[in-house]
Amino acid sequence: MEHPISKFKKWWQAALNDSPLKQKSAVCVSTIDQDGFPSGRFVDLKTVDEEGFTFCSYLDSEKGVHISANPKVALTLWWDHVGYQVRVKGVAEPISEEEAISHWRTRSREAQLTTLCSRQSQELKSSEALHEQLAEAETRYQGTEVPKPANWGGFRIRPDSIEFLTFSDDRLHKRELYDREDAGTWRMKLLQP
Ligand SMILES: Cc1cc2nc3c(=O)[nH]c(=O)nc-3n(C[C@H](O)[C@H](O)[C@H](O)COP(=O)(O)O)c2cc1C
C-alpha cells in the first residue's frame, strides 16, 4: 500500500504541473468556532511531509483563536484540471519559531510589510489608516530587513485521515480513505462514491 503522504506529494506535483491557477497551492482549512460552527477559508499550503501539512498565518487570527481552543481541523483541496479532491482531518499545532522565521524569509518584502501592519480578523475602521501605517512601515524599514511579527507563524496539521477522490464524469468517483491507526501505521479502504 502506498503511503498517503507520498501519494499526496505525487498528486500535488501533478496538480502543480501545468496548473491554470494563479494560486496553485490554495487549500481550504476548516476550524470550529466557539459556537460549534465550522468555519472555512483558503490558505497557502507551504509544505507537506511525514509530520503533516503546514500553512502560515497570524497565530491570533480568528482561525488561530479557534485552533487554540480546539485543534481539530480539516483541509479540503480540489484541483479541477486533474480531477482530484483531497480531504484531510487532523490536529493542528504551531510550528517552531525557527520554522516560522524561515517561512517569513520566503515572503516578498511587500507581503512582509503588509503582514506587519495588518491585525488579521480584527475590524477595519478605515482603509486609509491601514495605508498610512503601511507607508510609515515602508519608511521605517527602508534599507533594513522587515522583522517577523511575534504573532505571525504557522500551523502543522498532523493527519488522522486522508481521503483521495479521483473524479469521474459518470460519477463513479474513486474514493480511497486512509486512516491512521494507533501504532502510527495507515490502513486504506475504498468508499462508495
Ligand atoms: C488563495 C488564498 C490564499 C490565502 N492564503 C492565506 C495564507 O496563507 N495565510 C493566511 O493567513 N491567510 C490567507 N488567505 C486569507 C484567508 O483566506 C483569510 O481571509 C484570512 O486568513 C483570515 O481568516 P480568519 O479571519 O478566519 O483567521 C488566503 C486567501 C486566499 C483566497
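Our structure's up above, just so we're on the same page.
On a predicted model such as this, the values are computed, not experimentally measured, just so you know.

**Digging into the overall build of the chain**
Right, on to step 1. Of regular secondary structure, the chain possesses 5 helices and 8 strands.
Right, on to step 2. Ordered by position from N to C terminus, the α and β elements of the chain give α-β-β-β-α-β-β-α-α-α-β-β-β.
Right, on to step 3. Taken along the three principal axes of its C-alpha coordinates, the chain extends 55 × 40 × 30 Å.
Right, on to step 4. Residue burial in the chain is summarised as follows: out of 193 residues, 40% are buried.
Right, on to step 5. In the chain, of all internal contacts separated by at least 6 residues, the share reaching a separation of at least 24 is 61%.
Right, on to step 6. Looking at the chain, you have 26 positive and 30 negative side-chain charges, and the mean spots of the two groups are 3 Å apart.

**Some remarks on the pairing of strand S4 (residues 72–79)**
Right, on to step 1. Only one face of S4 is covered, namely the face carrying Val73, Leu75, Leu77 and Trp79; the face carrying Lys72, Ala74, Thr76 and Trp78 is uncovered.
Right, on to step 2. By the bridge criterion, 3 bridges tie strand S1 (residues 26–32) to S4 in an arrangement that is antiparallel. From the neighbouring strand, valine 29 faces S4, where its bridge partner is leucine 75.
Right, on to step 3. Here S4 folds back onto strand S5 (residues 84–94), and the loop between the two strands holds 4 residues, one of which, glycine 83, carries a positive phi near 75°.

**Observations concerning the side chain of arginine 175**
Right, on to step 1. As for its placement among the helices and strands, arginine 175 is situated in strand S7 (residues 174–180).
Right, on to step 2. One polar contact links arginine 175 to glutamate 163, side chain to side chain, over a distance of 2.8 Å.
Right, on to step 3. Once residues lying within four places of it in the same chain are set aside, the contact partners of arginine 175 are Arg87, Glu163, Phe164, Leu165, Lys189, Leu190, Leu191, Gln192 and Pro193.

**A closer look at the packing of aromatic side chains**
Right, on to step 1. By the definition in use, this model includes 9 aromatic pairs.
Right, on to step 2. Ring geometry for tryptophan 11 against phenylalanine 164: centres 5.1 Å apart, planes inclined by 80°, an arrangement best described as edge-to-face. In this pair, tryptophan 11 sits in helix H1 (residues 4–16) while phenylalanine 164 sits in strand S6 (residues 152–166), placing the two residues 153 residues apart along the sequence. Phenylalanine 164 matches tryptophan 11 in its accessibility class, with the two residues each being buried.
Right, on to step 3. By way of ring pairs, the aromatic residues Phe8, Trp12, Phe53 and Trp79 are connected into one cluster.

**Considering the site of the ligand**
Right, on to step 1. Taken together, 13 residues lie around the ligand, and Arg41, Phe42, Ser57, Lys63 and Ser121 are the ones closest in.
Right, on to step 2. Measuring from an oxygen atom of the ligand, one finds a side-chain N or O atom of serine 57 at 2.7 Å.
Right, on to step 3. Relative to its free-state accessible area of 620 Å², the ligand is covered by the protein chains to the extent of 64%.
Right, on to step 4. Within the residue set of the shell around the ligand, elements represented by two or more residues are strand S2 (38–49), strand S3 (52–58) and helix H2 (62–69).
Right, on to step 5. The element that contributes the greatest number of residues to the shell around the ligand is S2, accounting for 4 residues.

Conventions adopted
- Residues numbered from 1 in each chain as written.
- Predicted model: local features only at pLDDT ≥ 70, side-chain atom pairs only at ≥ 80, totals over all residues.
- Heavy atoms only, no water.
- Helix = DSSP H or I, 4+ residues; strand = E, 2+ residues; numbered from the N terminus.
- Buried < 20%, exposed > 50% of the residue type's maximum accessible area, 1.4 Å probe, protein only.
- Contact = heavy atoms within 4.5 Å.
- Lys, Arg positive; Asp, Glu negative; His and termini not counted.
- Charge placed at Lys NZ, Arg CZ, Asp CG, Glu CD.
- Pairing = 2+ DSSP bridges.
- Polar contact = N/O pair within 3.5 Å; in protein donor to acceptor, adjacent residues only side chain to side chain.
- Phe/Tyr/Trp six-rings, centres within 6.5 Å; stacked < 30°, edge-to-face > 60°.
- Near = heavy atom within 4 Å.
- Areas by Shrake-Rupley, 256 points an atom, 1.4 Å probe, with all protein chains shown as cover.

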